[in-house]
Amino acid sequence: MVSEQITNIKDFMNKLLIGTDFDIFHVTDIHITTFNTFHIDGHIMKDFYDKEEYESLGCPVISKWSDLKPLCYQIIKGHNTPLNFKIIFKMPDSIVIDIIDKNQLDIPYESITGFFLNIKYDNSSLSYVTGTSLNIFDPGREAEHAFDKFISDFINTHFG
């Protein structure tokens, strides 16, 4: 787990809400407090779609940030900053597999239930925290360390 403060809030928020830097990430949960508190559960309700439409979308389980970003932008934009928000990103399968391969992890893909990036804004402070969820014991925490490095590289590349 890595927890870091984000110092250039304006640049980060611009890339988060307007840019494409986070678009491939999936979103499990969003809480935004402005004049009301808004909660978005990123899990897809497949019954909303007919079978053909759902299949044409690729049978997603969790929404992509690119699909929820415009709604979040509409909630957050304005002359007042939000009181707080929290966004929980879950890495898509392609990133999980890439991390396993690049780090030569001896952990089966099916054993990783999620790599998560939590973005939190509260009281004029912006930070992120990484998290891993495995259904096996990883005594050396190799998966956690590999994901932490991936996020550190991602942040440094996009915001360094």
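Residues numbered from 1 in each chain as written. Predicted model: local features only at pLDDT ≥ 70, side-chain atom pairs only at ≥ 80, totals over all residues. Heavy atoms only, no water.

K.L.:
I'd like to hear about the overall build of the protein chain, residue by residue, with values.
P.N.:
The helix and strand inventory of the protein chain stands at five helices and seven strands. Along the protein chain, helices (α) and strands (β) appear in the sequence β-α-β-β-α-β-α-β-α-β-β-α when read from the amino end. Along the three orthogonal principal directions, the C-alpha set of the protein chain runs to about 50 × 45 × 25 Å. Put simply, the protein chain has 160 residues, and 41% of those count as buried. Sequence-distant contacts in the protein chain: of pairs separated by 6 or more residues, those separated by 24 or more amount to 66%. (Helix = DSSP H or I, 4+ residues; strand = E, 2+ residues; numbered from the N terminus. Buried < 20%, exposed > 50% of the residue type's maximum accessible area, 1.4 Å probe, protein only. Contact = heavy atoms within 4.5 Å.)

K.L.:
Tell me what's going on with unusual backbone geometry, and back it up with residues and numbers.
P.N.:
Phi is positive for Ser 124, which is not a glycine, with a value near 65°. Within the secondary structure, Ser 124 sits in the loop between β6 (112-122) and β7 (125-134). Given the relative accessible area of 57%, Ser 124 is considered exposed. If you check the backbone angles, Arg 141 has positive phi at about 55° while not being a glycine. Inspection of the secondary structure assignment puts Arg 141 in the loop between β7 and α5 (142-159).

K.L.:
If you had to explain the pattern of salt bridges to someone new, which residues and values would you point to?
P.N.:
Tallied over the full model, the rule gives five salt bridges. The salt bridge partner of Asp 11 is Lys 15, with a shortest N-O separation of 3.7 Å. Taken together, the positions of Asp 11 and Lys 15, both in helix α1 (residues 9-17) and four residues apart, correspond to about one turn of that helix. Residue Asp 11 is classed as partly exposed on the basis of its relative accessible area, which comes to 25%. Under the relative-accessibility criterion, Lys 15 is labelled partly exposed at 22%. Among the salt bridges present, the one from Asp 23 reaches Lys 69, with a minimum N-O distance of 2.8 Å. Of this pair, Asp 23 sits in the loop between α1 and β2 (26-33) while Lys 69 sits in helix α3 (residues 65-76), placing them 46 residues apart in sequence. As far as the burial class goes, Asp 23 and Lys 69 line up, both buried. (Salt bridge = Lys/Arg side-chain N within 4 Å of Asp/Glu carboxyl O.)

K.L.:
So what about the layout of surface pockets? Which residues, and what values?
P.N.:
When its volume is computed, the largest pocket comes out at roughly 330 Å³. Around the largest pocket, the lining comprises 15 residues; the ones closest to its centre are Ile 44, Tyr 49, Pro 60, Ser 63 and Asp 67. When grouped by side-chain class, the residues that make up the lining of the largest pocket number nine nonpolar, four polar and two charged. (1 Å grid on protein atoms, 1.4 Å probe; cavity = no way out; pocket = protein on both sides within 12 Å on 5 of 7 lines; lining within 4 Å. Points joined across faces, edges and corners; volume = space filled by probe spheres on them. Nonpolar A, V, L, I, M, F, W, Y, C, P; charged D, E, K, R; others polar.)

K.L.:
Describe the side chain of Glu 144, listing the residues and the values that go with them.
P.N.:
Assignment of secondary structure puts Glu 144 in helix α5. The class of Glu 144 is buried, set by a relative accessible area of 14%. Once residues within four sequence positions are removed from consideration, Glu 144 is found in contact with Met 1, Thr 132 and Asp 138.

On their own, these measurements won't tell you what the molecule is for.
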